[in-house]
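Given next are the chains, with one letter for each unit.
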2 protein chains.
Amino acid sequence: MTITAKIHLVDVTLRDGSHAMKHAFTIEQVKEVAKGLDEAGIEYFEVSHGDGLGGSSLQYGFSKVNEMELIAAAAEVCKNAKVSVLLLPGIGVKEDLEEAVKAGAKMVRVATHVTEADVAKQHIELGRKLGLKTVGFLMMAHMAPVEKLVEQAKLFESYGAEIVYVTDSAGTLLPHEVKERVSALREALSCEIGFHGHNNLSLAMANSIAAVEAGATYIDGSLRCLGAGSGNTQTEVMVAVFERLGYETGIRLYPIMDVANEVVAKFMPRPQEITGSSLIMGYSGVYSSFLLHTQDAAKKFSVDERDILVELGKRKAVGGQEDFIYDIAAQLAKKKTAETIT
Amino acid sequence: MTITAKIHLVDVTLRDGSHAMKHAFTIEQVKEVAKGLDEAGIEYFEVSHGDGLGGSSLQYGFSKVNEMELIAAAAEVCKNAKVSVLLLPGIGVKEDLEEAVKAGAKMVRVATHVTEADVAKQHIELGRKLGLKTVGFLMMAHMAPVEKLVEQAKLFESYGAEIVYVTDSAGTLLPHEVKERVSALREALSCEIGFHGHNNLSLAMANSIAAVEAGATYIDGSLRCLGAGSGNTQTEVMVAVFERLGYETGIRLYPIMDVANEVVAKFMPRPQEITGSSLIMGYSGVYSSFLLHTQDAAKKFSVDERDILVELGKRKAVGGQEDFIYDIAAQLAKKKTAETIT
């Protein structure tokens, strides 16, 4: 095994974890986590509503505390670690980013669906103009063929992104698929490559290793896996695993374990297990935002929610197509009735 | 990716899960799980005290229900699935195995420490004589160099074992280490190769894939990960993952998910997360049976339990050396005092 560059672990407990917390992080919780991450040696960690800046809304769930206050609280307690923010163009706007910078943010990750990098142009340019470390995030990376992913990543790079991420939003990629994608980007781009994994198929750690072996140098994780779906790659476990594999993360194991187990574990509302719904989301490649509608449709039409999710995956449904869920449920119910009669 | 032989998933919920259940499985629970596994298409599943036949004792914890009754109850409800039992020579005796066969067991897995295969000779021979599918289980496989592992596996094969397992009891092996071990056995043996993983480093699934890619055809798992330490490779998730990878397991996804989520999840006493203790056990390669003594010694000598576990790992401590834990704690405390004074 060759030792490559240093691996930068970016902790997203205070952003992806916001989903698991139903966006109810308090100032105290954010301060405690931020302080712990800083003391452990984390370089960047993300603080935002689960759906990024501006996500606090009826559609995505209202934040208990204004995220700008959370960003400021996190930045205030850090000696070395820097705060990142997530921005999904369309949900967050430029003014949100400017405000986040005033609150202390030093990195922005501009996220789009894997085929829509072009909508991020002005936000990436703004990130650079504001002096932020600027990152492009290609979400639902499994939904595009590798060539399309490369094309979109090149767009991000051309706008000024310093890192481009392969984002396995649905926790559905297999290790060889991660390797193929990261290798293709490594070959085609000059900037650094990142990977953001979810654990729906119990492969978040395997995929993170595959990404690093293929040339990624930025890897996301969260403490105790706190995040959407089955949660993220477990940050404190990655520190141990990458050390064992001979990579340098610059993070101290016991302090990062302490913030996971003495702080996060104490306030997380439920453990991040792989349950029925999250497994099927990973299996079918469907994003977690579809889940509530799917459960509702399954009940309404008396069909198995898993069949709806698998069908959504086959048809490559994307966010915004929620009506589609009810159409599919109706079709499945019709099919079921027909089968029962014949 | 080439499609190799069929993968046999062996479910150990009702054996390794016995640790997590503090050996308190009831007849009803065993029947429900066995029935679910059978209906889903599982071929073999294990029912025994966590430490194998005869494990019910003051030292290893008394079973709530006699394991022979549990084995009989499991066998009774199955149409196709067969019951396996675990036997650790020294804990279980030949008479236990004979009794288990009368209760309905069809497979025995004879387990020894990785360097002690020779103590299993008569038990493996008895398994064959009784007409059982007979398996050799090399526990704590990380504690021996690959050549030693091969030598010991050859002993198992020479006694008549039809499958030899690489058993990552402490959840400490990395995927390339699993691959190296399974490949070496695949090359040196004629019998089939198995792998039993634990999730302490969040690598159980990665290791199970590595094992299959290196030629293993029997892979252990448990429903919802129920098992010692951070638990086992999650059976129902493996069904989804191996299907996605193009391997045939013969197990139906929805029924195996149902027994995991509708039966096991309802009675498991706590979720199988990667906590502080289990992470350090995987990181240092120490078996979970040391944990209670370590916590006691840490308190007694006011040292960090993690330092004791790491030191035990370095010194390659094995079961039976529990006094060693207190020696190490005393040494660490002395060192700490010396450092404070100077």
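Small disclaimer: the values here were computed from a predicted structure and weren't measured.

Caption draft 1: The pattern of salt bridges, seen in detail. On inspection of all chains with the given rule, the structure shows 34 salt bridges over all chains. One salt bridge connects Arg224 of chain A with Glu273 of chain B, and the closest N-O pair in it is separated by 3.3 Å. Here Glu273 of chain B lies in the loop between helix 10 (253-267) and helix 11 (276-284) and Arg224 of chain A lies in the loop between strand 8 (218-221) and helix 9 (235-245), a pairing that spans two chains. In this pair, the class of Arg224 of chain A matches that of Glu273 of chain B, namely buried. In this structure, the salt-bridge partner of Arg306 of chain B is Asp304 of chain B, at a minimum N-O distance of 3.0 Å. Taken together, the salt bridges that share partners define one network made up of Arg15, Asp16, Glu46, Arg109 and Asp220 of chain A.

Caption draft 2: Geometry of the UniProt feature "binding site: substrate" (unreviewed entry) in chain A. Residue and element names in this part refer to chain A. Within the UniProt annotation, "binding site: substrate" (unreviewed entry) is assigned to Arg15, Asp16, Ser169, His196 and Tyr287. By the secondary structure assignment, Arg15 is in the loop between strand 1 (8-11) and helix 1 (17-20). Not counting the four nearest positions on each side in its chain, Arg15 is found in contact with Glu46, Val47, Ser48, His49, Gly50, Leu86 and His196. Along the chain, the position of Tyr287 falls in the loop between helix 11 (276-284) and helix 12 (291-301). The residues touching Tyr287, leaving out its near neighbours within four places in the chain, are His19, Met140, Ser169, Ala170 and Met281.

Caption draft 3: Representation of the interface of chain B and chain A. Chain B puts 41 residues into the contact, and the matching count from chain A is 41 residues. In this assembly, chain B packs against chain A so that about 3400 Å² is buried in total across both faces, 60% of it on carbon and sulfur atoms. With a shortest N-O distance of 3.1 Å, Arg306 of chain B and Asp258 of chain A are connected by a salt bridge. Counting across the chain B and chain A interface gives 16 residue pairs in polar contact (both at pLDDT 80 or more). Of all the secondary-structure elements, those providing two or more residues to the side of chain B that touches chain A are helix 7 (175-188), helix 8 (204-213), helix 9 (235-245), helix 10, helix 11 and helix 13 (305-314) of chain B. Sorting elements by how many residues they give to the side of chain B that touches chain A places helix 9 of chain B first, with seven residues. Its residues assigned to classes, the side of chain B that touches chain A shows 21 nonpolar, ten polar and ten charged.

Caption draft 4: Representation of the sheet that holds strand 6 (residues 163-167) of chain B within the structure. Residue and element names in this part refer to chain B. Taken in spatial order, the eight strands of this closed barrel run 1-2-3-4-5-6-7-8, and their pairing is parallel. If you compare each strand with its neighbour and ignore which way they point, the axes differ by 25° on average. The pairing of strand 5 (residues 133-139) with strand 6 spans four bridges and is classified as parallel. Bridge pairing links Phe137 to Tyr165 in strand 6. Along the sheet face, helix 4 (residues 94-103) touches strand 3 (82-87) and strand 4 (105-113) and points at about 150° away from the line of strand 4.

Caption draft 5: Structural detail: the domain arrangement of chain A. Residue and element names in this part refer to chain A. In terms of domains, chain A is made up of domain 1 (8-267) and domain 2 (276-341). Between domain 1 and domain 2, the C-alpha centre-to-centre distance is 28 Å. Between domain 1 and domain 2, the contact holds 14 residues from the first and 13 residues from the second. When domain 1 packs against domain 2, the two sides together hide about 930 Å² of surface, and 60% of this comes from carbon and sulfur. One can count zero salt bridges joining domain 1 with domain 2. Applying the counting rule to domain 1 against domain 2 returns four residue pairs in polar contact (both at pLDDT 80 or more). Among the residues making up the side of domain 1 that touches domain 2, the classes are represented as five nonpolar, nine polar and no charged.

Caption draft 6: Seen up close, unusual backbone geometry. Positive phi outside glycine occurs at Met140 of chain A, with the angle close to 50°. Residue position: Met140 of chain A is located in the loop between strand 5 (133-139) and helix 6 (146-159).

Caption draft 7: Structural detail: helix 12 of chain A. Residues and elements named next belong to chain A. When we look at burial in helix 12, the residues that qualify are Leu291, Thr294, Ala297 and Ala298. Relative to the axis of helix 12, the buried residues are bounded by an arc of 125° and lie together on one face. The exposed set on the far side of helix 12, more than 90 degrees from its buried face, consists of Leu292, Lys299 and Lys300. Close packing links the buried residues of helix 12 with helix 11, helix 13 (305-314) and helix 14 (322-341).

The rules behind these values
- Residues numbered from 1 in each chain as written.
- Chains lettered and ligands numbered in written order.
- Predicted model: local features only at pLDDT ≥ 70, side-chain atom pairs only at ≥ 80, totals over all residues.
- Heavy atoms only, no water.
- Salt bridge = Lys/Arg side-chain N within 4 Å of Asp/Glu carboxyl O.
- Helix = DSSP H or I, 4+ residues; strand = E, 2+ residues; numbered from the N terminus.
- Buried < 20%, exposed > 50% of the residue type's maximum accessible area, 1.4 Å probe, protein only.
- UniProt positions renumbered as here; feature names shortened; annotations may be inferred.
- Contact = heavy atoms within 4.5 Å.
- Buried area = accessible area lost by both parts, 1.4 Å probe.
- Polar contact = N/O pair within 3.5 Å; in protein donor to acceptor, adjacent residues only side chain to side chain.
- Nonpolar A, V, L, I, M, F, W, Y, C, P; charged D, E, K, R; others polar.
- Pairing = 2+ DSSP bridges.
- Axes fitted to C-alpha atoms, helices over the stretch in contact; angles between N-to-C directions.
- Domains from an automatic or database assignment.
- Arc of directions from axis to C-beta.

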